[in-house]
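Topology and contacts: notes
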Amino acid sequence: MPQRIQVRLRGIVQGVGFRPFVYNLARRLDLAGWVLNDSSGLMAEVEGEETAIEAFLEALGNEHPPLGWIQEREVASLPCSGEPGFRIRPSVAETGKFALISPDIGTCAECLADCTDPENRRYGYAFTNCTNCGPRYTIIRDIPYDRPHTTMAGFEMCAECRAEYEAPANRRFHAQPNACAACGPALSAGIQEAQRRLADGEIVAIKGLGGFHLACDARNAAAVGRLRARKRRSDKPFAVMVRDVEAARQLCVVDDAAARVLAGRRRPIVILPRAEVGEALPQAIAPGNPTLGVMLPYTPLHHLLFRGAAGGAGASACQPEGTPPAPPCPTALVMTSGNLSEEPIVVDNQDARERLGGVADWFLTHNRDIYMRADDSVVRVFEGEERVMRRSRGYVPETLDVGRDLPELLACGGELKNVFCLTKGRHAILSQHIGDLENYETLVFFEETLANLKKLFRVTPRAVAYDLHPGYLSTKYALGLAGVEKIGVQHHHAHIASCMAENGLTGEVIGVAMDGTGYGLDGAIWGGEFLVAGYAGFTRRAHLRYVPLAGGDRAVREPWRSALGYVGTEERMAGVPEERVRAVRRMIATGTNTVMTSSCGRLFDAVAALVGLRTEVNFEGQAAIELEGIVDPSCEERYEFDIGGEEIDFGAMMERIVRERGAASSVVASRFHNTLAAAIHEMCLRMRRESGLQRVCLSGGTFQNMRLLGLVARALRGSGFEVFLHKKVPPNDGGIALGQAAIAAERLTGKS
Ligand SMILES: [Zn+2]
Ligand SMILES: [Zn+2]
């Protein structure tokens, strides 16, 4: 007996080869019917024998395209129509509906083979892609995802590309950015010229997927130094791109989990420990840093740079007789964001020449526009799993399922590493990394991205959540919006709610939020917080002891000021002129330009200053990174600490560090990490005794420190706690928008 069903799929089901998959599957099973894309996903009707329909449904779940993700499947019975054959019907757009868009995906193995095979018509073509790979989010202007809605709209497909695009069995069937050298985007110059210039030590601005990179030969110390000087980026680490996992192993320790992440389709920058043996790169790549950020090529252009396939200006080319020998292929390239200091990454060709002209010696651009800028994402690997630290290209705009329907909201995030969050149905839609909201250009980027994501996901926020810090640009932006309800959320509450939401938790948890700076309810700067928290509210059970911090923003750049908040009056600070130390001490004594803080970040600063590691930093977290870097994992000693009521006091530890000035800094750093972990563990035990709560959420930028995270998580698990960590969402301020949204949703739905 024939039957007919209607199947509706939601999730990432467009632009990733779902329709040809369904088409081929139905033909294989001898089913009649059709499939189409509409504004909320994919719809199909199939008619045939019952066993074939069962096989169809099973294969939908098991065999779907690699980039696809089925979030929801609805199946309904229909009367049979008797229509013969199976076809792909045109897309249908419906107002108010939306479909999920795939992030940009690294070149697949088949496309890499195409563009490096001299026999293939795409040999040397830098914009090769298919339904399994290539640009998505960065080129999409609107939905449904069809070519006219992308920055490929202006490129008319040639007959060969058109034939691929229209053949359901082809890997490029409905691959919207499908192109070749005859019809598609082209480079402004040849790959070989870029290679020659890089080999000569030039700095080359290269237009990529989500923006420009500034590239140079990572083994050329002079070139790296020049790039650092011109970019006015004194110590912040540069990321390095290498050809493949083997090349990464020459530089770093790459275990199996890290290799999988490196070579995965998202292609993030993976922060890896440097190899003790093997080739060393110039110090200037990441001064004083025990780790290195490494990524593998993720566009055909990158692959060609490392492989030396001949390629003219976008055209496949052969090497005529008598031409000079091909330039050497680079083995490692610095690939840092094409921007000036903290401005957003440059995406536009003209803009690149204006803004990066003083940095780059030469430009390798192309004529495919980048609609949405997206920086490289940054991850670490912890306990065999990827942990996102900066969520951008390759991840955004993938949504997080929050497990229940939320009202439509905007959460504006924080100030540093800003990310905002929109909600729609069960989806939390996190923006890509916007950056530090400290200048006009970044605010414009925030507003452009917000407008774009509101359009793509059809979101009309009825409320806006914001951080309580009155000085944050994101807060000012939220408070300036008209016609929406405004919901202030405390910074560390947002951190813990973010960890809860990511892990699908409800109820109450013990929340440990360790970070640099967050505005507290008492006007102090919080940052070492122990909360009993749920979405509806929180109690601040305990915190690191308040210490005075003198000098406002300068205190963050000068860790010795943090040390003075902890240690006695007779102490001298190595490397700091005595009159400056005296002046700061006076400020602390009189309370001038001084705030009280429980910041864990400042605690790290103080220890780093006391062991003589740093008196000044030039990017956030630098002292903590260096302190983590010198820890000796075999050291199990620790210092004493005191817990008095609501405060954890590290005064005794600080005094001992001062008394033992001769102790090796690695010993001090190890004992310090052990002490902090033990104190956190002890406080959680006390909170469990009082509250009966078993679940602990760890959040805040300090938990980017994998040494501390490991010590704390192991100790807590050893005592029977259930420990929840971040994975897809950054533990740093890039994650707080998700928490703000979850809290605001609770307040709205609790009220109505
Ligand atoms: Zn491909
Ligand atoms: Zn073509």
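Structure: see above.
Residues numbered from 1 in each chain as written. Chains lettered and ligands numbered in written order. Predicted model: local features only at pLDDT ≥ 70, side-chain atom pairs only at ≥ 80, totals over all residues. Heavy atoms only, no water.

Comments concerning the overall build of the protein
Scanning the protein from N- to C-terminus turns up 22 helices and 28 strands. For 752 residues, the compact-globule formula gives about 27 Å, and the C-alpha radius of gyration of the protein, at 27 Å, lands near that figure. Its C-alpha atoms give the protein principal-axis dimensions of about 90 × 75 × 50 Å. Taken across its 752 residues, the protein has 60% of its residues classed as buried. Approximately 27800 Å² of the protein is accessible, and the part contributed by carbon and sulfur atoms is 49%. Here the protein carries 85 positive and 91 negative side-chain charges, and the mean point of each set is 2 Å from the other. (Helix = DSSP H or I, 4+ residues; strand = E, 2+ residues; numbered from the N terminus. Rg over C-alpha atoms; globule rule 2.2 N^0.38 Å. Buried < 20%, exposed > 50% of the residue type's maximum accessible area, 1.4 Å probe, protein only. Areas by Shrake-Rupley, 256 points an atom, 1.4 Å probe, with all protein chains shown as cover. Lys, Arg positive; Asp, Glu negative; His and termini not counted. Charge placed at Lys NZ, Arg CZ, Asp CG, Glu CD.)

Some words on the side chain of Gln622
Locating Gln622 in the fold gives a position in helix α18 (residues 622–629). The exposure class assigned to Gln622 is buried, which follows from its relative accessible area of 2%. Leaving out residues up to four positions away in the same chain, Gln622 has contacts with Asp235, Arg614 and Val617. (Contact = heavy atoms within 4.5 Å.)

Brief notes about the coordination of the zinc ion (ligand 1)
Within the first shell, the zinc ion (ligand 1) binds the protein through Cys108 (SG), Cys111 (SG), Cys130 (SG) and Cys133 (SG), at distances of 2.3 Å. Residue Cys111 is classed as buried on the basis of its relative accessible area of 0%. (Donors = N, O, S within 2.8 Å, 3.2 Å for Na, K, Ca; no water.)

Side note on the layout of surface pockets
Volume-wise, the second largest pocket comes out at about 420 Å³. When contributions to the lining of the second largest pocket are tallied by element, the ones reaching two or more residues are β14 (385–390), β15 (400–406) and α13 (491–502). Split by residue class, the lining of the second largest pocket holds 9 nonpolar, 4 polar and 9 charged. (1 Å grid on protein atoms, 1.4 Å probe; cavity = no way out; pocket = protein on both sides within 12 Å on 5 of 7 lines; lining within 4 Å. Points joined across faces, edges and corners; volume = space filled by probe spheres on them. Nonpolar A, V, L, I, M, F, W, Y, C, P; charged D, E, K, R; others polar.)

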